[in-house]
Amino acid sequence: QLALSNRKMLVFYDFTTKSIPAQTTPNKIIVLSQQEFDKINIIVNDATIEAPTAYENEEGVLMVPIRAISEALGYEVLWNNENRSLQIGKDITIKIGENSYNVSNNAPLQLETAPIINNDRTYVPLSFFKEAVNINVVSFFENNVIINNGR
């Protein structure tokens, strides 16, 4: 299922009626890939960071590169190849393909969508930084991901 809201499309029309407003049926609709859009800037604590670009997945969830953002926030990020998981700081663990995360030894908490690997980079939903890392300001506005811990 393809989410069409907030997506750019090309629509080709043929003949229209002479009524007002004119009525017609599209001949062809092309939904543009998210990769067609401008690069999304990632701003952490008021500074633009060098990072792989964020993107919107098929469900319309904004996915962001976890390592670049976490390290800009001062967290150490460790990859465990054996169980395909990441540890962020001392307390947070996520696993590729599972839509939950662990904080310390507490019960798993749900993510909006599962972390994935895309072009050898791990991506998580933007909401991860609000929910798991407890960042004060997490937003997406005018092609800018803004993350500010307010410290």
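Here the structure is shown first, and the text comes after it.
Residues numbered from 1 in each chain as written. Predicted model: local features only at pLDDT ≥ 70, side-chain atom pairs only at ≥ 80, totals over all residues. Heavy atoms only, no water.

Sheet analysis places strand S7 (residues 77-80) next to strand S8 (residues 85-88), joined by four bridges and oriented antiparallel. Note on S8: the bridge partner recorded for Trp79 is Leu86. Counted along the chain from S7 to the antiparallel partner S8, the turn is four residues long, and its residue Arg84 has a positive phi close to 50°. (Pairing = 2+ DSSP bridges. Helix = DSSP H or I, 4+ residues; strand = E, 2+ residues; numbered from the N terminus.)

A few words on the sheet that holds strand S10 (residues 100-103). Taking strand neighbours across the sheet as the criterion, the five strands line up as S7-S8-S9-S10-S11 in an open arrangement whose pairing is antiparallel. What marks the edges here is a single partner per strand, and that holds for S7 and strand S11 (109-110). Inspection of the sheet shows strand S9 (residues 92-95) paired to S10 by three bridges, in the antiparallel sense. Along S10, the bridge assignment pairs Thr93 with Asn102.

What follows is about a nonpolar patch on the surface. Residues Met9, Val11, Tyr13 and Ile29 make up a contiguous nonpolar surface patch of about 360 Å² in total accessible area. In this fold, Ile29 is placed in strand S2 (residues 26-31). (Patch = residues over 30% accessible without salt bridge, like charges linked within 9 Å, V, L, I, M, F, W, Y side chains within 5 Å. Areas by Shrake-Rupley, 256 points an atom, 1.4 Å probe, with all protein chains shown as cover. Salt bridge = Lys/Arg side-chain N within 4 Å of Asp/Glu carboxyl O.)

Relative to the helices and strands, Thr122 resides in strand S13 (residues 121-125). Sequence-distant contacts of Thr122, defined by excluding residues within four places in its chain, comprise Val64, Pro65, Ile66, Trp79, Leu86, Ile94, Ile96, Ile116 and Ile117. (Contact = heavy atoms within 4.5 Å.)

This next bit is on the pattern of salt bridges. By the definition in use, this model includes two salt bridges. Residues Arg67 and Glu71 are paired through a salt bridge, measuring 3.1 Å at the closest nitrogen-oxygen approach. Taken together, the positions of Arg67 and Glu71, both in helix H1 (residues 66-72) and four residues apart, correspond to about one turn of that helix. Residues Glu98 and Lys95 are paired through a salt bridge, measuring 3.9 Å at the closest nitrogen-oxygen approach. Its relative accessible area of 37% is what places Glu98 among the partly exposed residues. (Buried < 20%, exposed > 50% of the residue type's maximum accessible area, 1.4 Å probe, protein only.)

When you line up the elements, Ala47 lands in strand S4 (residues 47-48). Separated by 99 residues in the primary sequence, Ala47 and Ile146 place their C-alpha atoms 9.3 Å from one another.

A separate point is the packing of aromatic side chains. The final tally for this structure, using the stated rule, is three aromatic pairs. Residues Tyr55 and Tyr123 carry aromatic rings whose centres are separated by 5.1 Å and whose planes lie at 65° to one another, so their mutual orientation is edge-to-face. Of this pair, Tyr55 sits in strand S5 (residues 55-56) while Tyr123 is found in strand S13, placing the two residues 68 residues apart along the sequence. Ring centres of Phe128 and Phe129 lie 5.2 Å apart, and the angle between their planes is 85°; on these two criteria the pair is classed as edge-to-face. Of the two residues, Phe128 and Phe129, both sit in the buried class. (Phe/Tyr/Trp six-rings, centres within 6.5 Å; stacked < 30°, edge-to-face > 60°.)

Turning to the environment of Asn144, a few remarks are in order. Following the sequence through the fold, Asn144 ends up in strand S15 (residues 144-148). For the pair Asn144 and Ile42, spaced 102 residues apart in the sequence, the C-alpha separation amounts to 5.8 Å. For Asn144, the contacting residues outside a window of four places in its chain are Asn41, Ile43 and Ser139. Looking at Asn144, its side chain comes within polar contact range of the side chain of Asn41, at 3.2 Å. (Polar contact = N/O pair within 3.5 Å; in protein donor to acceptor, adjacent residues only side chain to side chain.)

Note that every value here comes from positions in space, so none of it alone points to a role or purpose.
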